[in-house]
Amino acid sequence: MNPAPFVGVRHPWCTDFEWQRAKQPPRRLTDAQTRSFDADGWLIVEDVLDASTLADLTAQLDALEAEADAFVRAQPDDRFVLSEADAITFSTHAVLTSEVARRVSRLESITDICHDLIGPDVRLYWDQLVYKKPQKPREFPWHQDNGYTFIEPQQYLTIWLALNDATVDNGCPWVAPGTHRTGTLTHTYVHPLGLQCFADHPAAIAAPISAGSAVVFSSLTPHRTGPNTTEAVRKAYILQFAPDGVEVLRGDPSSGSPPARELQNDPDRQYLVLRDGHRIDSAA
Ligand SMILES: O=C(O)CCC(=O)C(=O)O
């Protein structure tokens, strides 16, 4: 069931975590897929976007990326947070400005995955595009998404959508199966790359996918992306979905003081996509 030895150090706020397997009968995934997600913490779902939606989404996200790139190039050292010109750019909350991104976040092919793995009441928690550039090939190190911002319940879902083919050579995701069951790990910052929960994993698996397909993984599944050693930009759009009622925890985990809690329900970008298992077609 769990092929990977435990690697990493548990986060101080992760005291009584117990992995919850999805209980509802799946409506899009097969039983084998939900069992595999339960055991390994990830799976590939092919053809989440059709060709026309993919083209429309890429056109709008390319325009946002151009703005993000110009912004980063105007900063000291061409850097802003983890974005660096010619290396990698992160651009958050496309749903605020892109009609296609909003539509994609509520597509049945997406909300069905949410239903099968976290439903029945689900909100968009976060969305961002990540473009990996070939001029400065770099890895994005092993991390859990809940290692960046600690949210509770710790268990939510990331849908990493490829806008163009994601290959080992251009920086597709790699995943560490089984470790999601441990809960959130402690992360440390590795300059200039980002937070890291471990340097390597003995059971690491590459997850190359074609454009329009998705690597779906838990917020607790350690993943990395490799350097882009090709000549073209690798483009991904990441959607994260959480059970309604999710809270961000803020504070110093090493202080021993209880963290402050912040409900995540911004109506403009953290809208419900499923209520009682039913898809919601407009912002709620
Ligand atoms: O897409 C990438 O290259 C890395 C993005 C990632 O892992 C993340 O945003 O959590």
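Rules used throughout
- Residues numbered from 1 in each chain as written.
- Predicted model: local features only at pLDDT ≥ 70, side-chain atom pairs only at ≥ 80, totals over all residues.
- Heavy atoms only, no water.
- Pairing = 2+ DSSP bridges.
- Helix = DSSP H or I, 4+ residues; strand = E, 2+ residues; numbered from the N terminus.
- Expected span 1.5 Å × (residues − 1).
- Buried < 20%, exposed > 50% of the residue type's maximum accessible area, 1.4 Å probe, protein only.
- Polar contact = N/O pair within 3.5 Å; in protein donor to acceptor, adjacent residues only side chain to side chain.
- Patch = residues over 30% accessible without salt bridge, like charges linked within 9 Å, V, L, I, M, F, W, Y side chains within 5 Å.
- Areas by Shrake-Rupley, 256 points an atom, 1.4 Å probe, with all protein chains shown as cover.
- Salt bridge = Lys/Arg side-chain N within 4 Å of Asp/Glu carboxyl O.
- Phe/Tyr/Trp six-rings, centres within 6.5 Å; stacked < 30°, edge-to-face > 60°.
- Lys NZ or Arg CZ within 6 Å of the ring centre and 35° of its normal.

A. Broad picture of the sheet that holds strand S17 (residues 260-263). Read across the open sheet, the 3 strands follow the order S7-S16-S17; overall the sheet is antiparallel. For this open sheet the edge positions go to strand S7 (151-152) and S17, each flanked by a neighbour on one side alone. Relative to strand S16 (residues 247-250), S7 runs antiparallel, the two being bridged by 2 bridges. Within S16, the position partnered with Ile151 by the bridge is Val248.

B. Spatial organisation of helix H2 (residues 51-73). Helix length check: H2 (23 residues) gives 32 Å between terminal C-alpha atoms against 33 Å at 1.5 Å per residue, within 8%. Within the span of H2, buried status applies to Thr53, Leu54, Leu57, Thr58, Leu61, Leu64, Glu65, Ala68, Asp69 and Val72. Of the residues flanking the start of H2, the one acting as N-cap is Asp50, its side-chain oxygen 3.2 Å from the backbone nitrogen of Ser52.

C. How the structure looks around unusual backbone geometry. Across the junction of Glu152 and Pro153, the peptide omega takes the value -5 degrees, indicating a cis bond. The residue Pro153 is located in the loop between S7 and strand S8 (157-162) in this model. Cis geometry is adopted by the peptide bond preceding Pro192, which originates at His191 and carries an omega value of 0 degrees. Notably, Asp47 is not glycine yet its phi reads approximately 55 degrees, a positive angle. One can find Asp47 in the loop between strand S1 (42-45) and H2. You will see that Asp78, though not glycine, has its phi angle at about 55 degrees, which is positive.

D. Expanded view of a nonpolar patch on the surface. A contiguous nonpolar patch, built from Phe71, Phe80 and Val81 and spanning about 310 Å² of accessible area, is present on the exposed surface. Owing to a relative accessible area of 42%, Phe80 belongs among the partly exposed residues under this scheme.

E. A look at the pairing of strand S5 (residues 122-132). For S5, the tally of buried residues reaches 10 of 11 residues, placing the bulk of the element in the interior. Note: strand S4 (residues 88-92) against S5, 5 bridges, orientation antiparallel. Residue pairing in the sheet places Thr92 in a bridge with Gln128 of S5. Pairing of S5 with strand S18 (residues 272-275) involves 2 bridges; the strand directions are antiparallel. Considered in S18, the bridge of Arg123 is made with Leu272. Where S5 and strand S15 (residues 234-243) come together, 10 bridges link them in antiparallel fashion. When the sheet's bridge partners are listed, Leu124 is paired in S15 with Phe241.

F. Up close: the packing of aromatic side chains. Here the structure, examined in full by the defined rule, presents 8 aromatic pairs. Where Phe71 meets Phe80, the ring centres are 5.0 Å apart and the plane angle is 85 degrees; that geometry is what we call edge-to-face. Since its relative accessible area comes to 41%, Phe71 is described here as partly exposed. Judged by centre distance (5.3 Å) and plane angle (65 degrees), the ring pair of Tyr125 and Tyr156 falls under edge-to-face. Of the two residues, Tyr125 sits in strand S5 while Tyr156 sits in the loop between S7 and S8, which places them 31 residues apart along the sequence. One residue, Arg106, lies across the ring of Tyr271, its end atom 4.1 Å from the ring centre.

G. Examining the environment of Ala55 more closely. Relative to the elements of secondary structure, Ala55 occurs in helix H2. Ala55 sits in the partly exposed class, given a relative accessible area of 48%. Considering only alpha carbons, one finds Ala55 and Ile209, 154 residues apart in sequence, at a separation of 17 Å.

H. Structural context of the sheet that holds strand S6 (residues 140-143). In spatial order, the strands read S6-S14-S9-S12; together these 4 strands make up an open sheet with antiparallel pairing. Pairing within the sheet leaves two strands with one partner each, and these edge strands are S6 and strand S12 (205-206). Bridge count between strand S9 (residues 173-175) and S12: 2 bridges; the pairing is antiparallel. Note on S12: the bridge partner recorded for Val175 is Ile205.

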